[in-house]
Amino acid sequence: MSTILPPAAGGSAAPNDPAIDTGRGTGLWKDAFLRLRRNPQAIVGAVIIGLFLLVAVLAPILAPYGGDELPGRTSITPTTIPGPGEIDGFPLGLDRFGGDVLSKLIWGAQASLLIGVVSTALGLAGGMLLGVLAGGLGGWVDNVIMRFVDILLSVPNLLLAVSIAAVLGQSSYAIMIAIGVSQIPIFARLLRSSMLSQRGADYILAAQTLGLSRRTITMSHLLPNSMGPVIVQATLTLATAVIDAAALSFLGLGGGLPQAAEWGRMLTYAQAELAVAPQLAFLPGACIAITALGFTLLGESLREALDPKTRRK
């Protein structure tokens with residue numbers, strides 16, 4: 001039976017203060033959400049991610065031109081690339097192919113969002129599968145899976161993604177698979193560690209005492225209570241996925257047309273024009289950095305909100 005704590009001496013507590021125990025209690029995720037609402041870092045990250053998602057989803061409406069269109073190709077010369085404001089109708093200027101830079105940045109947000117979400121989902125699914133098998137079954141299954149994960153972790157993440165993308169061929173699907181596979185060992189080891197730390201918990205011992213099967217205990221009790229760190233890591237990994245996608249496209253592994261709207265590809269073809277039009281490299285680079293910053297801020301804030309060492313501060 002829960003009890004209501006009296007207010008501290010010398011003052012009164014506001015009944016709606018989420019930090020005060022009202023007797024009803026708060027769940028882990030509800031408490032984390034309340035903490036995030038009071039964290040300026042989390043708010044800034046959420047605003048950045050919200051704008052990024054809004055631009056990506058509304059790209060067909062916001063972009064003046066299509067991602068592959070070249071409306072200003074007649075204005076490009078071998079020595080001249082119109083910059084921001086130099087030609088009416090192109091507020092951020094043109095690129096070397098005659099494409100509208102503003103439109104390409106907007107469509108590039110959609111491409112980066114698709115690659116980041118799909119690759120992270122692939123890595124999360126594969127990592128959870130290996131993590132559940134290793135943490136739930138243990139024994140020789142755990143040893144085999146963890147040795148395989150150790151081999152993957154011994155290779156630098158970006159180098160592994162480059163190798164996989166080079167084998168699969170130059171396409172956006174190859175980049176998604178390459179980044180997703182490179183993230184599998186991270187999620188697998190994290191979920192397995194979280195499940196091992198929960199094995200000795202009272203609720204697991206109680207379930208074993210009731211005679212529940214290992215499968216029921218693993219899927220209904222152990223796995224749901226071990227997902228917190230994995231979800232936080234997935235948020236942080238989205239930032240890494242956006243950067244890795246840009247890096248692979250920058251290395252020429254993204255495939256597609258040279259004038260296609262994708263931030264990494266825009267950086268690739270801006271190298272030759274750095275002296276003439278530096279904004280062609282600065283603008284997509286800034287978009288990549290700001291988007292990654294948003295996911296990182298929100299992910300770090302979520303990790304702090306779910307950390308039992310800080311929840312009661």
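What counts and how
Residues numbered from 1 in each chain as written. Predicted model: local features only at pLDDT ≥ 70, side-chain atom pairs only at ≥ 80, totals over all residues. Heavy atoms only, no water. 1 Å grid on protein atoms, 1.4 Å probe; cavity = no way out; pocket = protein on both sides within 12 Å on 5 of 7 lines; lining within 4 Å. Points joined across faces, edges and corners; volume = space filled by probe spheres on them. Helix = DSSP H or I, 4+ residues; strand = E, 2+ residues; numbered from the N terminus. Phe/Tyr/Trp six-rings, centres within 6.5 Å; stacked < 30°, edge-to-face > 60°. Buried < 20%, exposed > 50% of the residue type's maximum accessible area, 1.4 Å probe, protein only. Contact = heavy atoms within 4.5 Å. UniProt positions renumbered as here; feature names shortened; annotations may be inferred.

## What to know about empty space enclosed by the protein
Turning to step 1, where the next piece is worked out: This structure, assessed with the given rule, holds one cavity of 30 Å³ or more.
Turning to step 2, where the next piece is worked out: Roughly 110 Å³ of volume is contained in the largest cavity.
Turning to step 3, where the next piece is worked out: For the largest cavity, the full set of lining residues is Asp95, Arg96, Phe97, Lys104, Pro258, Gln259, Ala260, Arg265, Met266, Tyr269, Ala270 and Leu280.
Turning to step 4, where the next piece is worked out: The element best represented in the lining of the largest cavity is helix α11 (residues 263-270), accounting for four residues.

## Notes on the packing of aromatic side chains
Turning to step 1, where the next piece is worked out: Counted under the stated rule, the structure contains four aromatic pairs.
Turning to step 2, where the next piece is worked out: For the ring pair phenylalanine 52 and phenylalanine 295, a centre distance of 6.2 Å and an interplane angle of 85° mean the geometry is edge-to-face. Here phenylalanine 52, found in helix α2 (residues 40-57), pairs with phenylalanine 295, found in helix α12 (residues 279-306); they are 243 residues apart in sequence, far enough to count as distant. Both residues of the pair, phenylalanine 52 and phenylalanine 295, count as buried.
Turning to step 3, where the next piece is worked out: For the ring pair phenylalanine 97 and tyrosine 269, a centre distance of 5.5 Å and an interplane angle of 75° mean the geometry is edge-to-face.

## Observations concerning the environment of alanine 32
Turning to step 1, where the next piece is worked out: By the element assignment, alanine 32 lies in helix α1 (residues 28-37).
Turning to step 2, where the next piece is worked out: Alanine 32 gets classed as buried once you look at its relative accessible area, which sits at 1%.
Turning to step 3, where the next piece is worked out: Here alanine 32 is in contact with Ala305 and Leu306, once residues within four sequence places are set aside.

## Examining the UniProt feature "transmembrane region" (unreviewed entry) in the protein chain
Turning to step 1, where the next piece is worked out: Under the UniProt annotation, the feature "transmembrane region" (unreviewed entry) is placed at residues 42-63, 113-141, 148-167, 173-191, 230-254 and 274-299.
Turning to step 2, where the next piece is worked out: Secondary structure content for residues 42-63 is 91% helix and 0% strand, while the C-alpha to C-alpha distance between its ends is 29 Å.
Turning to step 3, where the next piece is worked out: Structurally, residues 113-141 comprises 97% helix and 0% strand, and the distance from its first C-alpha atom to its last is 35 Å.

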